[in-house]
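A look at the structure
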Amino acid sequence: MKRIVITEFMDEAAVAQLRERHDVLYDPKLVDDGARLHTEAGKADAIIVRNRTQVRGELLAALARCTVVGRLGVGLDNIDVAACEARGMQVIPATGANASSVAEYVIGSAMLLLRGAYQSTAAVASGQWPRGALSNGRELAGKTLGLIGFGSIGRLTARLAGALGMEVIAFDAMLEIDDPAFAAAGVQSVGLGELIARADVVSLHVPLVDATRNLFDAARIQAMKPGAVLINTARGGIVDEGAVAQALRAGRLGGAALDVFDAEPLAASPHFEGCPNLLLTPHIAGVTTESNERVSSLIAQKVLEALH
């Protein structure tokens, strides 16, 4: 029987599946107790984390007998993958398991931000009638969605957008411009500059690496189509948050949905206060009841296979 340490929240059914075979420590708050986390890491044959647990440095050194790192999600910027593999540790992400949740978040956010009419409840309930002010919203159909990154989440987002009448264009630095994946999805492959200039909605689906850090700085936001919407469900360091706020206040950017931030949890951020047509959510685009079940079940299964 092996020891499995789970440092952040996981679906209870998947935890029970692991407990049937192994000794499991499941504490969703363990990530916030550094001293105890390092102590328990020393006993772990496998560790399962989400995005907050940093599997690098001192924690990685403490994982003296660990052979498996399960990631309840797809991003790996909180895990030193190369160092793990050099120590003989297998890193397992939940590839594809939360794609539907992220894709739906992108489409829902695009609808909300283009229409601009869904935050009037308090005004209408108080007796106001801002019909004129809210009659200039834009429809999704006929607009152009630009996807930066065309992996599993980008491709599913493209399919949903196409079903709603959007034109979809995409750029992926890891794919050739004539890669058959674009044509198979009915998506036009374009360069990054053309995408930024053409898209009514830009959605980011790339990892945080040196080449993508601050990819959307003030200059790139300025190059976007006037009134365009920016959606980031990837990683916070890809977008200059201050530049987004300035562009919203100036009316250059038509709206923004940010689910991820350079530092999480996000501290008090006065630069975001009063920004028009801004949606901020706490890194939950890929987390729903259904996706948590899929992600947790997949990682439980893969970790069990790896331990045997």
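Above this note sits the structure.
I will try to describe carefully the structure that is included in this document. All figures in this text were calculated on a predicted structure; none of them were measured in a lab.

Quick notes on the layout of surface pockets
- Estimates place the volume of the second largest pocket at around 290 Å³.
- As for the second largest pocket, its lining consists of 15 residues, of which Asn51, Gln54, Asp77, Phe261 and Asp262 are closest to the centre.
- Residues belonging to the lining of the second largest pocket are distributed by class as follows: three nonpolar, six polar and six charged.

Some thoughts on helix 2 (residues 34–41)
- Every buried residue of helix 2 is listed here: Leu37, Glu40 and Ala41. Around the axis of helix 2, the buried residues are gathered within 105° of arc, so they sit on the same side.
- Lining the buried residues of helix 2 we find strand 1 (3–6), strand 2 (23–26) and helix 3 (57–62).

Brief notes about the sheet that holds strand 12 (residues 278–280)
- With respect to topology, seven strands assemble into an open sheet ordered 8-7-6-9-10-11-12, the strand pairing being parallel. Lying at the two open borders of the sheet, with one neighbouring strand each, are strand 8 (188–189) and strand 12.
- Pairing of strand 11 (residues 255–258) with strand 12 involves three bridges; the strand directions are parallel. Counted as the bridge partner of Ala257 is Leu279 from strand 12.
- Along the sheet face, helix 7 (residues 152–163) touches strand 6 (144–148) and strand 7 (167–171) and points at about 175° away from the line of strand 6.
- Running at roughly 150° to strand 11, helix 11 (residues 241–250) makes contact with strand 10 (229–232), strand 11 and strand 12 of the sheet.

Points about the pattern of salt bridges
- For the structure on display, the rule yields eleven salt bridges.
- Put simply, Asp77 and Arg235 hold a salt bridge, and the shortest N to O gap is 2.5 Å. Residue Asp77 is found in the loop between strand 4 (68–71) and helix 4 (81–86), and its partner Arg235 is found in the loop between strand 10 and helix 11; the two are separated by 158 residues along the sequence.
- Asp77 sits in the partly exposed class, given a relative accessible area of 32%.

Parameters and conventions
Residues numbered from 1 in each chain as written. Predicted model: local features only at pLDDT ≥ 70, side-chain atom pairs only at ≥ 80, totals over all residues. Heavy atoms only, no water. 1 Å grid on protein atoms, 1.4 Å probe; cavity = no way out; pocket = protein on both sides within 12 Å on 5 of 7 lines; lining within 4 Å. Points joined across faces, edges and corners; volume = space filled by probe spheres on them. Nonpolar A, V, L, I, M, F, W, Y, C, P; charged D, E, K, R; others polar. Buried < 20%, exposed > 50% of the residue type's maximum accessible area, 1.4 Å probe, protein only. Helix = DSSP H or I, 4+ residues; strand = E, 2+ residues; numbered from the N terminus. Arc of directions from axis to C-beta. Contact = heavy atoms within 4.5 Å. Pairing = 2+ DSSP bridges. Axes fitted to C-alpha atoms, helices over the stretch in contact; angles between N-to-C directions. Salt bridge = Lys/Arg side-chain N within 4 Å of Asp/Glu carboxyl O.

These figures capture arrangement, not role.
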